[in-house]
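Geometric and topological summary
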Amino acid sequence: GNLRYSHRLRERAAMGILFGKKRKRGEDDQGTKNEHKITDKDKAVLDLKRQKIKMKNYKSRINAMLNKEVKMAKQLIKQKKKKKALLVLKKKKYLETLVVRTDKALLNVEKLVDSIEYASMQKQIFDAMKAGNECLQQINSEISVEEVKGVDWRHCGQKLCSSVRAERRIQTPHLARTTT
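Quantities reported herein were computed from a predicted structural model and do not represent experimental measurements.

Examining the overall build of the chain
In terms of helices and strands, the chain carries 6 helices and 0 strands. What you see in the chain, going N to C, is helices and strands ordered as α-α-α-α-α-α. Buried residues in the chain amount to 11% of all 180 residues. Long-range contacts, defined here as pairs at least 24 residues apart, represent 64% of the contacts in the chain between residues at least 6 apart. For the chain, the accessible surface area stands at approximately 16,300 Å², while carbon and sulfur atoms represent 58% of it.

Notes on helix α2 (residues 40-78)
Between its first and last C-alpha atoms α2 spans 57 Å; for 39 residues at 1.5 Å apiece the expected length is 57 Å, and the two agree. Restricting attention to buried positions, one finds in α2 the residues Val45, Leu48, Met55, Ile62, Leu66, Glu69, Ala73 and Leu76. Of the surrounding elements, those touching the buried residues of α2 are α3 (82-142). Lys80 sits one or two positions beyond α2 and adopts a positive phi of about 65 degrees.

Examining a nonpolar patch on the surface
Residues Tyr118, Met121, Ile125 and Met129 make up a contiguous nonpolar surface patch of roughly 430 Å² in combined accessible area. With respect to the secondary-structure elements, Tyr118 resides in helix α3.

What to know about the pattern of salt bridges
For the coordinates displayed, the defined rule picks out 8 salt bridges. Residue Lys59 is joined to Asp103 by a salt bridge in which the shortest nitrogen-to-oxygen separation is 2.6 Å. Remark: Asp103 occurs in helix α3 and Lys59 occurs in helix α2; sequence separation between them is 44 residues. Using a relative accessible area of 31% as the deciding quantity, one classes Asp103 as partly exposed. Ionic pairing is found between Glu69 and Lys91, a salt bridge with its closest N-O pair at 3.5 Å.

What to know about the nonpolar core
For soluble globular proteins, the rule of thumb is that nonpolar side chains tend to be buried together. One finds Val45, Leu48, Met55, Leu106, Val109 and Val113 forming the largest nonpolar core, which totals 6 residues. Contact partners of Met55, with chain neighbours within four places excluded, come to Thr102, Ala105, Leu106 and Val109. Formed by 5 residues, the second largest nonpolar core is a distinct cluster that contains Ile62, Leu66, Leu98 and Val99.

How each quantity is defined
- Residues numbered from 1 in each chain as written.
- Predicted model: local features only at pLDDT ≥ 70, side-chain atom pairs only at ≥ 80, totals over all residues.
- Heavy atoms only, no water.
- Helix = DSSP H or I, 4+ residues; strand = E, 2+ residues; numbered from the N terminus.
- Buried < 20%, exposed > 50% of the residue type's maximum accessible area, 1.4 Å probe, protein only.
- Contact = heavy atoms within 4.5 Å.
- Areas by Shrake-Rupley, 256 points an atom, 1.4 Å probe, with all protein chains shown as cover.
- Expected span 1.5 Å × (residues − 1).
- Patch = residues over 30% accessible without salt bridge, like charges linked within 9 Å, V, L, I, M, F, W, Y side chains within 5 Å.
- Salt bridge = Lys/Arg side-chain N within 4 Å of Asp/Glu carboxyl O.
- Core = buried A, V, L, I, M, F, W, Y, C linked by side-chain atoms within 4.5 Å.

Here is the structure:
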């Protein structure tokens, strides 16, 4: 069973190599170009997120060391070794300051990532508004003020109203008899 199955897979793979379409690099299954480019912003955010992970790992190592130091200090106090216990507690205090510094650095990295993503979103909104404004200007340039002034708006309004009434009569003939 397994031998036949693997033989069939090899045959299919060979058929695909022989008769399949050759794709160029950067193309997907349909042969269309893959245009997703990694921007400098993407690289910066990725680097910051990697750094954030490293900092969290560093913080967890420090916390593990802190727990070990606390246990050691308790043992030394039980053994009546006060001077050594004080040294261990000083090291514990230093490790606690490292945890606080790491937390502050983590917060700064998170703020920076959020700022980059927010600025990127603002740029996309700005680009969309700019494109919309250009489209609006294009439409406005196609309509001249003289053309607007030259239109008999009362006549257009009357024509519009009569065509709406006629359409309503066609759609609802039983109402048309009662209203006329």
